[in-house]
Amino acid sequence: MKKIYLLALMGVTVLLASCGHGGQGELVGAYNRKFKNHRIPLGMVYIPPGHTPLGGSDEDITFSQNGPSRMTTISAFFMDQTEISNAEYRQFTNWVRDSIAITMMGNPAQFMMTKKGAAANAVGGENYIDWKKVGYNGANIWRNKGKGSAGAQASQLDGMYYSGLDALPGRKEFDVRKLEYSYGILNLDKAALGHKDPNSKRQDYIDRYVIAVYPDTMVWKTDYSYSQNDPMVRGYYNHPSYDDYPVVGVSWEQAKAFSHWRTQLYQGVASARKLPMNARMDYDLPAETEFEYAARGGNTKTKYPWGGPYIRNTKGCLQANFKPGRGDYSSDGGIYTVGVRSYFPNDYGLYNMAGNVAEWTKTAYNKSSAPLLHDLNPNFTYVAGKNDSKYLKRKVVKGGSWKDTGYFLQNAVATYEYQDQQRSYIGFRCVSAYPGTDLRN
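Residues numbered from 1 in each chain as written. Predicted model: local features only at pLDDT ≥ 70, side-chain atom pairs only at ≥ 80, totals over all residues. Heavy atoms only, no water.

A. Main features of the nonpolar core. Membership of the largest hydrophobic core comes to 50 residues, with the highest contact counts inside it found for Tyr 89, Phe 92, Tyr 181 and Phe 428. Contributions of two or more residues to this core are made by strand E1 (44–47), helix H2 (86–104), strand E7 (180–186), helix H5 (219–222), helix H6 (230–235), helix H7 (252–272) and strand E10 (358–364). Both domain 1 (44–85 + 214–433) and domain 2 (88–177) contribute no fewer than three residues apiece to this core. Dropping the residues within four chain positions of it, Tyr 89 is found in contact with Ile 84, Val 213, Pro 215, Tyr 237, Val 247, Val 250, Gln 254, Phe 258 and Phe 428. (Core = buried A, V, L, I, M, F, W, Y, C linked by side-chain atoms within 4.5 Å. Buried < 20%, exposed > 50% of the residue type's maximum accessible area, 1.4 Å probe, protein only. Helix = DSSP H or I, 4+ residues; strand = E, 2+ residues; numbered from the N terminus. Domains from an automatic or database assignment. Contact = heavy atoms within 4.5 Å.)

B. Structural view of helix H8 (residues 288–295). With seven of its eight residues buried, H8 lies for the most part within the structure. Those residues of H8 that fall on the buried side of the exposure criterion are Thr 289, Glu 290, Phe 291, Glu 292, Tyr 293, Ala 294 and Ala 295. Backbone geometry just downstream of H8 places Gly 297 in the positive-phi region, at approximately 65°.

C. Broad picture of the pattern of salt bridges. According to the stated counting rule, one finds 19 salt bridges in the structure shown. Between Asp 166 and Arg 177 there is a salt bridge whose closest N-O contact spans 3.9 Å. Of this pair, Asp 166 sits in the loop between helix H3 (149–155) and E7 while Arg 177 sits in the loop between H3 and E7; the two residues are eleven residues apart in sequence, bridging distant segments of the chain. Taking the relative accessible area as the measure of exposure, Asp 166 reaches 53% and is therefore exposed. What makes Arg 177 exposed here is its relative accessible area of 52%. Between Lys 221 and Asp 230 there is a salt bridge; the shortest N-O distance is 2.9 Å. One continuous salt-bridge network, built from bridges that share partners, spans Asp 166, Asp 175 and Arg 177. (Salt bridge = Lys/Arg side-chain N within 4 Å of Asp/Glu carboxyl O.)

D. Spotlight on the sheet that holds E10. The sheet built from four strands is open, its strands ordered E12-E11-E10-E13 with mixed pairing. Single-partner strands in this sheet number two, and they are strand E12 (414–418) and strand E13 (426–427). Inspection of the sheet shows E10 paired to E13 by two bridges, in the parallel sense. Pairing of Glu 359 across the sheet is with Gly 427, part of E13. (Pairing = 2+ DSSP bridges.)

E. Layout of the sheet that holds E1. Across the sheet, four strands lie side by side as E1-E4-E14-E9; this open sheet has antiparallel pairing. Strands at the two margins of the open sheet, each flanked by one partner only, are E1 and strand E9 (283–284). With three bridges connecting them, strand E4 (residues 77–80) and strand E14 (residues 431–433) associate as antiparallel partners. Note on E14: the bridge partner recorded for Met 79 is Val 431. Contacts from H8 reach E1, E4 and E14, with the element oriented near 80° to E4. (Axes fitted to C-alpha atoms, helices over the stretch in contact; angles between N-to-C directions.)

F. Examining empty space enclosed by the protein more closely. Enumeration according to the criterion identifies two cavities of 30 Å³ or more in this entry. Put simply, the largest cavity is a space of about 90 Å³. Partitioning the lining of the largest cavity into residue classes produces ten nonpolar, three polar and no charged. Counted as a void, the second largest cavity has a volume near 60 Å³. Considering the residues around the second largest cavity, the lining is formed by Asn 86, Pro 215, Asp 216, Thr 217, Val 219, Trp 220, Met 232, Val 233, Tyr 236, Tyr 237 and Val 248. At the level of secondary structure, the elements contributing two or more residues to the lining of the second largest cavity comprise H5 and H6. When its residues are assigned to classes, the lining of the second largest cavity shows eight nonpolar, two polar and one charged. (1 Å grid on protein atoms, 1.4 Å probe; cavity = no way out; pocket = protein on both sides within 12 Å on 5 of 7 lines; lining within 4 Å. Points joined across faces, edges and corners; volume = space filled by probe spheres on them. Nonpolar A, V, L, I, M, F, W, Y, C, P; charged D, E, K, R; others polar.)

G. Broad picture of the confidence of the model for the protein. Summarising the model, the protein shows a mean pLDDT of 84, and 78% of its residues fall at 70 or more. E13 holds the highest mean pLDDT among the elements of the protein, 98, whereas helix H1 (residues 2–17) holds the lowest, 47. For the stretch residues 4–10, pLDDT sits under 50, and the model shows zero contacts to residues farther than four places along the chain or on other chains. Across residues 135–150, where pLDDT falls below 50, the model places 33 contacts with residues more than four positions away in sequence or in other chains. (pLDDT = per-residue confidence, 0-100.)

H. Quick peek at H2. Relative to the 27 Å expected for 19 residues at 1.5 Å per residue, H2 spans 27 Å between its end C-alpha atoms, a close match to the ideal helical length. Of the positions making up H2, those classed as buried are Asn 86, Tyr 89, Arg 90, Phe 92, Thr 93, Trp 95, Val 96, Arg 97, Asp 98, Ala 101 and Ile 102. A positive phi of about 75° marks Gly 106, the residue just after H2. (Expected span 1.5 Å × (residues − 1).)

I. Representation of the environment of Lys 301 within the structure. Relative to the elements of secondary structure, Lys 301 occurs in the loop between H8 and E10. Between the C-alpha atom of Lys 301 and that of Ala 412, which follows or precedes it by 111 residues, the distance is 9.2 Å. Excluding residues within four positions of it along the chain, Lys 301 makes contact with Pro 53 and Arg 296.

J. Representation of the pairing of E4. Residue alternation in E4 divides its side chains into two sets, Phe 77 and Met 79 and Phe 78 and Asp 80, and both sets are buried. By the bridge criterion, four bridges tie E1 to E4 in an arrangement that is antiparallel. Directly across from Tyr 46, in E4, lies its bridge partner Phe 78.

K. Geometry of unusual backbone geometry. Of note in this structure, Tyr 226 is not a glycine but carries a positive phi near 55°. Secondary-structure assignment places Tyr 226 in the loop between H5 and H6.

This is the structure:
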């Protein structure tokens with residue numbers, strides 16, 4: 001009897017020990033895998049949370065009377081230190097180009113190259129066409145010089161070039177109109193309105209897009225009448241001299257597509273490194289309030305990102321790239337745009353939050369929305385469809401540009417542009433939410 005009792009007692013002990021991981025049947029939680037949460041993404045800066053007045057101005061030359069001053073609380077986030085450059089955006093268009101080519105050639109391994117030390121992952125952007133094997137000649141001109149199977153595979157890319165009367169004699173130029181990026185996102189605004197409907201499906205809240213991603217280089221002509229800008233049309237996006245200049249000719253829709261691709265690019269590398277899904281970085285355009293909050297650099301009621309009330313510093317030097325006086329474009333150091341790290345950064349380390357190029361935000365422009373906005377991370381969004389009124393396609397643009405007067409460089413000033421329009425003076429930068437309360441804690 002003693003032996004039987006002892007065995008029964010041991011069985012109960014084992015059973016209790018198996019209830020929970022060391023919890024003895026107690027509630028111990030199911031924790032996600034931990035990771036280092038204090039790393040600042042490459043090329044970005046950390047913007048700490050805060051409570052500050054946003055909006056308002058001591059002058060309103062457009063008499064818009066929008067954006068009244070109000071106390072606002074903003075959560076922590078990361079922001080690109082500079083505007084997205086031509087070189088950075090070209091990584092996106094090259095990836096789209098290579099993805100299309102890989103698909104057209106049936107993904108032949110002999111034409112692939114993988115970055116050293118990186119896992120081959122098409123979604124993560126680590127697979128590239130080795131154009132030396134298919135006759136890539138640079139400057140968006142390909143010549144099929146391959147022999148045998150290489151030449152046969154290269155001929156499959158004929159659909160990517162201009163042909164017939166669209167082609168210039170003696171040149172085989174890539175048709176940039178073919179660069180389309182397809183993606184889908186879960187529209188949380190739609191989901192918030194209908195997710196409790198028992199008849200709704202998840203597909204009802206997924207927005208799908210096919211976006212032509214190549215910048216419109218003709219903006220240097222179409223934005224200006226009777227102005228000699230042909231060299232900018234030909235060279236601004238592709239000439240090495242402009243690699244570190246801000247990309248322009250990119251619509252709001254293209255900037256959103258870039259943000260999605262950048263998220264997927266990071267996710268692909270994170271997956272290859274077996275990082276947990278909670279380590280993901282979701283990139284997006286900043287909200288209008290995020291942009292203004294970051295532009296102020298932690299200072300209260302400042303007129304410009306550099307903190308002072310004046311356009312010039314104590315040495316008399318202009319502090320941004322804009323249109324001073326009556327149009328002396330050259331006196332600030334740049335006739336058109338300048339490099340993305342020009343001038344001094346603000347107190348958060350952000351460059352050109354005023355001037356150089358104006359920047360897209362994800363906020364929809366609506367003068368009537370201000371009284372309705374919450375005081376915690378306020379934002380008004382609406383993604384217009386193709387058949388919507390043009391007034392619903394307006395998106396807030398912040399920061400002023402190289403062609404604007406000093407008024408538009410103010411932190412509180414906002415203008416708008418239509419989401420499908422491309423301009424020679426509008427670029428963008430990305431943000432990503434910080435997954436926590438404060439990096440400093």
